[in-house]
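Residue-level listing of the chains:
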Amino acid sequence: MKNLRLYILLFLMIPLTIFAEDGSQLWLRFPAKNGVSTDKIISKGNNPTLNIAKKELMNHWQGQEIELRTDKSLKYLKGGYKIKSVQNKLVISAEKEIGLLYGVYHILRLQQTKSSLANLNITEKPSYDVRILNHWDNLDGTIERGYAGHSLWKWENLPNTISPRYEEYARANASIGINATVLNNVNASPNMLRKDYLEKVKFLADIFRPYGIKVYLSVNFSSPKVLGGLENSDPLNKDVQKWWKDKASEIYKLIPDFGGFLVKANSEGQPGPQDYGRTHADGANMMADVLKPYGGIVMWRAFVYSPSKEDRAKQAYLEFVPLDGKFRDNVIVQIKNGPVDFQPREAFNPLFGALKKTSEMVEFQITQEYLGQANHLVYLAPLFKETLDSDTYSDGKGSTIAKITDGTLRPAKLTAISAVANIGEDKNWTGHHFAQANWYAFGRLAWNHDLTSEQIADEWIKMTFTDNEKFLNPVKQMMLTSRETAVDYMMPLGLHHIFAGMHHYGPEPWGDYKGTRADWSPVYYHQANTQGLGFNRTKTGSNAVSQYFPPLNDIYGNIKTTPENLILWFHHIPWDYQMKDGKTLWEELSYKYDTGVKNVREYQKVWDKIQPYVDEERFTEVQSKLKIQAKDAVWWKDACLLYFQTFSKMPIPYDIERPIHELEDLKKIKLDMGHHN
Ligand code: BDP
């Protein structure tokens, strides 16, 4: 009887387990377990990476015979590969096994997206050598700015219990070409370098290695003092240098291919070389020297701003330009895409291009700290591309950030690209099903920054959902417009950082946190008053425009030539200023917020209509998130328009839906989401 009940229960559960679509498979939905037989795979050798490549084919490849061939003469492809149809078979060749694995993922992607597999002749070479995720994971399992649950890394269980997700994580990354990961928060605990933690790191590194992924760590500059008990952590102190040297040797004994360090120093209260009157270069070089013998590198962050009166948007440049040429060859300066902080839209960071003798890399944020977190559907490829395609004019026209950082423009010693991950232990990895697309897009662009946002969205949708055009086309359109939509309902026309302090989720344009630093308050950034709105960064203001190369300094310095999507970033302009379409600034602002709201409502309709083509579970989850996004968009619109109206004193255009909130009520909203600034 008991057994019977159990059987009935199991029977009832079967359909659930078969059809449950929790998003845990990401874009890796290759046909299951019916790939080719071993005799259709020709390859020599028995290397762990090669074995993974063969296993993927055996499990998922349904096409013709395949040969996997290493070929030393393909070194120039820098980890890339060739795929060629030769008579009845496909030959994948690469310098190393990892290139073969990437090639295998390439053909599986072609199969999955139903692309043609005939007459292939493909050569792939990655845009960047190091394609790295930055996890802001703390040792206690929390994640700074993480919205998909706790950390994947179960430090307390390592190395005794190995979660299956470690390998799944590595596989997902390898499938899009990501080859490096920083495991811990840039606000780093000195304990990360403790012996017991390093031994745990070793286990992760061992799991990731066959997938071509190197491990890096964020380090706390004060580690020698805090962990080693030294008197200080002065980079010129011989004992400090020796401490780092010994630490490096300890790390490399455990992890022979350890990648290196990521450092946030003298930024937002973190310790750094300046505590001892030394420069960022002194600090970075000291670490670079100890890593050099092992081939390790230092990624030194340029995200610094001091409690000075200087415009925050200028500070990284002011700090780093004088140090150009002073860094060791194995140091790369890691620069956020914008000069303030991962805002929905920023002007590009003028530091790119300005460092002419120093390797530079971009830092993006995949986790949507400032873009609705895990609640809003915002496809970030257009944001990433906007930065990469920005022309700095540093070496004349065409000096795009992509070309500066990938080594095309100047022979770079190191090329790399990074992004803050949005991955947590949630079943679907990223909180929102569509946030998976941002992880995917970063990987694909790191591999090939010439891909378009549309190509990537197309691929991702086909792999993750379906190639049915009734789903594909509208959903792709929604994704492609979603970033601009978020800008419209949050911070149009170049507005920035008017988020509520701490959590950075909702609006708080009235925020004026007296007693803290001025540049932690929204009022500092929008500068609204009865005359107008916006931050004057021209010659008559902070003169941040002078940090851009000609002709951009003039273009941005002149209200008439500044692109309107950045106009309030660079100018303080009157409420009745006439915009290009003839509307006043106030009207334009109102319509932008309104457009943002309307677009989200449109997305709700788009999504409801595609219901027949998607599983129930993901359908419902995304539908619920869109409801939140629609409510939030109205919240943003009402908060910003009602607040700015107290200065403009102008009516909200009458064809726009009236606010449904009272400003005073909105001001009372305090989300309990923790965290500083
Ligand atoms: C800001 C985040 C903060 C990070 C900081 C950083 O709010 O949590 O520590 O960036 O990048 O955007 O260091």
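Residues numbered from 1 in each chain as written. Predicted model: local features only at pLDDT ≥ 70, side-chain atom pairs only at ≥ 80, totals over all residues. Heavy atoms only, no water.

1. Some details on the environment of Ser189
No. 1: Topologically, Ser189 is positioned in the loop between β7 (180-182) and α5 (195-208).
No. 2: With a relative accessible area of 27%, Ser189 lands in the partly exposed category.
No. 3: Once the C-alpha coordinates of Ser189 and Lys605 are considered, the two residues, 416 residues apart in sequence, prove to be 46 Å apart.
No. 4: If sequence neighbours within four positions are ignored, Ser189 has contacts with Leu139 and Asn220.
No. 5: Within the local environment of Ser189, its side chain forms a polar contact with the backbone nitrogen of Asn191, the two atoms lying 3.0 Å apart. (Helix = DSSP H or I, 4+ residues; strand = E, 2+ residues; numbered from the N terminus. Buried < 20%, exposed > 50% of the residue type's maximum accessible area, 1.4 Å probe, protein only. Contact = heavy atoms within 4.5 Å. Polar contact = N/O pair within 3.5 Å; in protein donor to acceptor, adjacent residues only side chain to side chain.)

2. Looking at the UniProt feature "active site" (unreviewed entry) in the protein
No. 1: Per the UniProt record, "active site" (unreviewed entry) is found at Glu268, Asp341 and Glu369.
No. 2: If you trace the backbone, Asp341 turns up in the loop between β11 (331-336) and α10 (351-354).
No. 3: Residue class for Asp341 comes out buried when judged on its relative accessible area of 5%.
No. 4: Sequence-distant contacts of Asp341, that is, excluding residues within four places in its chain, are made with Phe303, Arg312, Lys336, Glu346 and Tyr370.
No. 5: Separated by 2.8 Å, the side chains of Asp341 and Lys336 make a polar contact. (UniProt positions renumbered as here; feature names shortened; annotations may be inferred.)

3. Some thoughts on the site of the ligand
No. 1: Around the ligand, the structure places 15 residues, and the nearest of them are Glu144, Lys264, Arg301, Asp341 and Glu369.
No. 2: Interatomic distance of 2.7 Å between a side-chain N/O atom of Lys336 and an oxygen atom of the ligand.
No. 3: Separating an oxygen atom of the ligand from a side-chain N or O atom of Tyr370 is a distance of 3.4 Å.
No. 4: Residue composition of the shell around the ligand, by class: four nonpolar, three polar and eight charged. (Near = heavy atom within 4 Å. Nonpolar A, V, L, I, M, F, W, Y, C, P; charged D, E, K, R; others polar.)

4. Quick look at the side chain of Gln436
No. 1: With respect to the helices and strands, Gln436 occurs in helix α13 (residues 436-447).
No. 2: For Gln436, the residues in contact, after removing those within four places along its chain, are Gly23, Leu26, Trp27, Asn428, Thr430, Trp460 and Thr464.

5. Some thoughts on the pairing of strand β12 (residues 359-365)
No. 1: Here β12 lies mainly inside the structure; seven of its seven residues are buried.
No. 2: Burial along β12 is two-sided: Ser359, Met361, Glu363 and Gln365 facing one way and Glu360, Val362 and Phe364 facing the other are all buried.
No. 3: In this sheet, β12 lies alongside β11 in parallel orientation, the contact comprising five bridges. Looking across to β12, one finds that Val333 is bridged to Glu360. (Pairing = 2+ DSSP bridges.)

6. Focus: helix α15 (residues 469-490)
Every α-helix winds through 3.6 residues per turn, so residues three or four apart in the chain are directed the same way.
No. 1: The end-to-end C-alpha separation of α15 is 31 Å, in line with the 32 Å expected for 22 residues at 1.5 Å each.
No. 2: A bend of about 45° at Ser482 is the largest found in α15.
No. 3: Looking at where α15 begins, the residue whose side-chain oxygen comes 2.8 Å from the main-chain nitrogen of Lys470 is Asn468. (Expected span 1.5 Å × (residues − 1). Bend = angle between axes of the 7 residues up to and from the residue.)

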